[in-house]
Each structure stands twice: as structure tokens, then as C-alpha cells.
Amino acid sequence: MTVTVIDVRERVMARNDEIARGVRERLERARAPAFNFISSPGAGKTLLLERTLDALNAQLRIAVVTGDCQTQNDADRLARHTDRLVQAVVTNGGCHLDARQIYTALGSIALDATDLLLIENVGNLVCPASWDLGERSKVVLFSVTEGEDKPLKYPNAFRAARIAIVTKLDLLPHLEFDLASALGHARAVNPALRFFLVSARTGEGMPAWLDFLRGEVAAARDDPT
Amino acid sequence: MSVAMEVCAIAERAIAGRSPSCITEVVVEVGDLAGIEIQNLEFCLDTLLRIPPFTRAHAVVRRERGDVLRVASVEIDE
């Protein structure tokens with residue numbers, strides 16, 4: 001028996017990051033910004049996207065990729081709010097989407113007829129934070145039912161995101177949720193975070209969120225590169 | 001778990017073409033800014049390294065500075 005040490009020195013994310021670069025290049029060529037929505041299960045990603053599709057479908061050509069562990073339930077829900085095919089990625093127990101899955105999904109999306117790509121990641125605040133999908137930005141959601149310290153418990157998710165959306169705002173009067181404290185925790189983790197406070201159910205806060213998306217699409221179209 | 005699975009995939013590629021009697025050690029370097037909970041990674045690796053082709057391997061997680069996250073080496077018994 002001979003013990004041999006094989007020198008590897010390979011970055012764990014190297015392959016994913018390479019594919020993510022390819023996704024990002026394709027999306028930039030198409031001038032279609034992509035947003036990767038991450039949250040714990042039940043934070044309200046799907047309802048937010050349903051309302052977003054309802055509001056923007058007439059103005060923007062929106063493609064959707066949705067990831068789920070075992071079912072296509074979210075894809076089926078979203079498909080009722082768009083005429084376009086919703087790309088469902090079933091991860092078979094996998095706790096996040098990866099760049100290869102998005103690259104494959106892009107093969108079925110007419111990017112030259114797409115203004116905006118919305119990616120609903122698997123409900124999980126740990127792994128999705130580490131995986132680059134080639135998106136323009138990660139959007140982290142947390143609901144007022146989850147506790148103010150979510151950003152402190154899952155700092156990587158809040159650090160990786162550019163946008164934070166506090167959801168289920170309509171439930172705030174019924175809860176002992178300290179919104180200022182929650183926002184403070186999120187800012188402590190990532191001072192550059194941009195916040196939206198919404199209730200997808202009542203529509204509260206949705207206009208600002210929708211304006212943001214319209215602005216991102218307009219900026220991508222005007223980008224001279 | 002997904003990071004641990006990727007670590008194992010890299011380790012398997014590293015021994016491709018060899019026929020070791022066993023893999024004894026997988027060394028992973030994790031920076032303090034890598035976004036990895038080391039205890040979680042160790043737990044997941046301990047689980048995955050019980051599965052063939054590893055079975056007898058153990059993980060060594062080295063804490064580093066910065067955002068490094070890589071498989072440093074794989075030790076095999078030939």
C-alpha cells in the first residue's frame with residue numbers, strides 16, 4: 001500500500017461559475033436582465049411573481065424559470081398568469097438551482113423576444129446564495145411571519161442579494177414583528193441592499209417594485225454595450 | 001449539501017484513471033468570506049464520504065482567509 005496525495009487545487013464553484021458567465025453573456029446580448037428570487041419556503045415568491053406577471057404582462061415580454069424540489073406546482077401556478085411557457089426545473093431533492101439548469105432552460109426561451117427573465121429558486125436561504133445562475137441580481141425575500149433576525153441567521157443570502165423584499169406586509173398588524181429592527185439587521189449585513197415592502201395579496205408596495213423592474217428593463221435596453 | 005456534493009464530484013474526477021484501494025482523505029480549503037458554514041459542510045461531507053467510492057475517507061476542512069473555496073488535495077491508498 002502506498003499513500004499518494006493528489007494535488008487538486010480546484011475551486012468548488014469553478015464549473016458552475018463558468019456556465020453562469022455563459023448565461024450572463026447570452027442574457028446581456030439579448031438585453032434581458034434576469035433576477036434570481038431566493039427565500040425560505042413559504043415566504044411568498046410565487047405569489048409575488050404571479051402578481052408581477054399580472055401587472056407587467058401587457059408591457060413586457062417576461063420569461064419565467066421556476067425551480068422546485070419535487071413538484072411543478074409553482075410552475076403550474078405561474079403558467080396561469082402568462083401565455084408563455086414557464087420553464088419548470090424539478091431538482092429531485094436538490095436544494096437550489098445551478099447555472100447548468102438555467103443554461104439548459106434558456107434553450108427553450110426565445111431570448112430575442114424576451115425583455116425580462118424571472119428565476120424562482122428553490123425555497124432555501126442557504127445553498128441558493130452560493131450559486132451564481134448568471135443573473136443580474138439576486139432578490140432575497142423574507143416575510144413578516146419569519147422573525148426579524150432572519151438576515152442575521154442567513155447573512156450569506158442577504159450579502160449575495162442586491163434587493164430585499166419584505167413580503168406579507170398585510171399581516172403586520174396581527175404580528176409582533178419589528179419591521180425597523182428587521183431592516184436594520186438586513187442593512188447591518190449588507191448596507192447596499194435596496195428594499196421593497198410589499199403585500200402581493202393586497203397590492204401594497206407593488207407599484208414601487210413594478211417601477212423598479214420597468215426601470216431595469218429600460219436600462220438594459222439603453223445600455224450601449 | 002450542494003457544496004459538499006460538488007467537493008465529492010471534484011475528488012472523484014481527481015482520481016479518475018487511477019485504481020486506488022481506497023480514498024483516505026479529502027482536503028478542502030474554506031475562506032472566512034466564502035459564505036460557507038464550516039460545521040454544516042463538515043456534517044455533509046462526513047455523510048457523503050461514507051458512500052462509494054469514498055467509504056473510508058475523512059474530510060479535512062482548512063480555514064483560510066478570504067473567499068477561497070476549493071478542494072486542495074485528495075489522499076489515496078494505492
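Next up on the list: the side chain of Ser199(A). All names here are of chain A. Mapped onto the elements, Ser199 comes out in the loop between strand 8 (194-197) and helix 8 (206-222). A distance of 2.8 Å separates the side chain of Ser199 from the side chain of Asp170, its partner in a polar contact. The residues touching Ser199, leaving out its near neighbours within four places in the chain, are Lys168, Leu169, Asp170, Glu204 and Met206.

This brings us to the layout of surface pockets. Approximately 680 Å³ is the volume found for the largest pocket. Residue lining of the largest pocket: 25 residues in total, with Leu33(B), Ala34(B), Gly35(B), Ile36(B) and Asp67(B) positioned closest to the centre. It is helix 6 (residues 155-160) of chain A that provides the largest number of residues to the lining of the largest pocket, a total of four residues. When the residues that make up the lining of the largest pocket are grouped by side-chain class, the tally is eleven nonpolar, four polar and ten charged.

So, about the interface of chain A and chain B. Note on interface size: it is often stated as the accessible area lost on association of the parts. Tallying the contact residues gives 20 residues for chain A and 24 residues for chain B. Across the interface of chain A and chain B, roughly 2,000 Å² is buried in total on both sides, 56% from carbon and sulfur atoms. Together, Thr4(A), Ile6(A) and Val12(A) form the three largest contributors to the area buried by chain A at its contact with chain B, with a combined 31%. If you look at where chain A meets chain B, you find one salt bridge. Residue Arg13(B) pairs with Glu10(A) through a salt bridge whose shortest N-O separation is 2.8 Å. Inspection of the chain A/chain B interface yields twelve residue pairs in polar contact (both at pLDDT 80 or more). When residues in the side of chain A that touches chain B are grouped by element, the largest group, nine residues, is from strand 1 (residues 3-11) of chain A. Among the residues forming the side of chain A that touches chain B, the class breakdown is ten nonpolar, five polar and five charged. Pairing between strand 1 of chain A and strand 3 (residues 69-77) of chain B: seven bridges, direction antiparallel.

On to the packing of aromatic side chains, then. Each aromatic ring pair is summarised here by two numbers: the centre-to-centre distance and the angle between the ring planes. Residue and element names in this part refer to chain A. Counted under the stated rule, the structure contains six aromatic pairs over all chains. Centroid distance Phe142 to Phe158: 5.2 Å. Interplanar angle 80°. Geometry classified as edge-to-face. A residue pair is termed long-range when its members are at least 10 positions apart, and Phe142 in strand 6 (residues 137-143) and Phe158 in helix 6 qualify at 16 residues. Classification of Phe142 by relative accessible area gives buried; the value is 0%.

To continue, consider the packing of helix 2 (residues 45-56) of chain A against helix 8 of chain A. The angle between the axes and the distance between the axes are what describe a pair of packed helices. Residues and elements named next belong to chain A. It is the contact of helix 2 with helix 8, at a shortest axis distance of 11 Å, that shows an interaxial angle of 65°. The angle between helix 2 and helix 8 places the two elements in the roughly perpendicular class. Crossing hand, helix 2 versus helix 8: right-handed. Contacts between helix 2 and helix 8 involve Leu48, Arg51, Thr52, Ala55 and Leu56 from the former and Met206, Trp209, Leu210, Leu213 and Arg214 from the latter. Here the residues of the contact of helix 2 with helix 8 sort into seven nonpolar, one polar and two charged.

We now examine unusual backbone geometry. The amide bond that connects Pro52(B) to the next residue, Pro53(B), takes the cis arrangement and shows omega of 10°. For Pro53(B), the location among the structural elements is in the loop between helix 2 (38-48) and strand 2 (58-64). With a phi angle near 50°, Arg9(A) is a residue other than glycine that sits in the positive phi range. The residue Arg9(A) is located in strand 1 in this model. Phi at Thr55(B) takes a positive value of approximately 55°, unusual for a residue other than glycine. In this structure, Thr55(B) sits in the loop between helix 2 and strand 2.

A word on the sheet that holds strand 5 (residues 116-120) of chain A. In sheet architecture, strand pairing relies on hydrogen bonds along the backbone and comes in two forms, parallel and antiparallel. Residues and elements named next belong to chain A. Strands sit in the order 4-3-5-2-6-7-8 across an open sheet of seven strands; the sheet is parallel. Edge positions in the sheet fall to strand 4 (87-90) and strand 8, since each of these pairs with one other strand and no more. Each adjacent strand pair in this sheet contributes to an overall mean axis angle of 20°, direction not counted. Pairing of strand 3 (residues 62-68) with strand 4 involves four bridges; the strand directions are parallel. Its bridge partner lying in strand 4, Gly67 is registered against Val89.

In this section: the nonpolar core. In this structure, Val3(B), Val26(B), Val30(B), Leu45(B), Leu69(B) and Val74(B) are the most contacted members of the largest nonpolar core, which totals 34 residues. Counting residues per element, the ones that place at least two in this core are strand 1 of chain A together with helix 1 (2-14), strand 1 (22-31), helix 2 and strand 3 of chain B. A total of seven residues in this core trace back to one element, the largest contributor, which is helix 1 of chain B. Ignoring anything within four residues of it in the chain, the contact list for Val26(B) reads Val7(B), Ala11(B), Leu49(B), Phe54(B), His58(B), Ala59(B), Val60(B), Val71(B) and Ser73(B). Core analysis: the next-biggest nonpolar cluster, separate from the first, contains 26 residues, Ala75(A), Val86(A), Val139(A) and Leu141(A) among them.

Let's shift gears to the pairing of strand 8 of chain A. Residues and elements named next belong to chain A. Pairing geometry for strand 7 (residues 163-167) and strand 8, over four bridges, is parallel. The residue bridging Ile163 from the neighbouring strand is Arg194, located in strand 8. Chirality of the crossover, the property in question, places the unit of strand 7, helix 7 (residues 179-189) and strand 8 among those that are right-handed.

Definitions and limits used
- Residues numbered from 1 in each chain as written.
- Chains lettered and ligands numbered in written order.
- Predicted model: local features only at pLDDT ≥ 70, side-chain atom pairs only at ≥ 80, totals over all residues.
- Heavy atoms only, no water.
- Helix = DSSP H or I, 4+ residues; strand = E, 2+ residues; numbered from the N terminus.
- Polar contact = N/O pair within 3.5 Å; in protein donor to acceptor, adjacent residues only side chain to side chain.
- Contact = heavy atoms within 4.5 Å.
- 1 Å grid on protein atoms, 1.4 Å probe; cavity = no way out; pocket = protein on both sides within 12 Å on 5 of 7 lines; lining within 4 Å.
- Points joined across faces, edges and corners; volume = space filled by probe spheres on them.
- Nonpolar A, V, L, I, M, F, W, Y, C, P; charged D, E, K, R; others polar.
- Buried area = accessible area lost by both parts, 1.4 Å probe.
- Salt bridge = Lys/Arg side-chain N within 4 Å of Asp/Glu carboxyl O.
- Pairing = 2+ DSSP bridges.
- Phe/Tyr/Trp six-rings, centres within 6.5 Å; stacked < 30°, edge-to-face > 60°.
- Buried < 20%, exposed > 50% of the residue type's maximum accessible area, 1.4 Å probe, protein only.
- Axes fitted to C-alpha atoms, helices over the stretch in contact; angles between N-to-C directions.
- Parallel < 35°, antiparallel > 145°, perpendicular 65-115°, else oblique.
- Left-handed = near helix turned anticlockwise from the far one by under 90°.
- Core = buried A, V, L, I, M, F, W, Y, C linked by side-chain atoms within 4.5 Å.
- Right-handed = clockwise from strand over helix to strand, strands pointing away.

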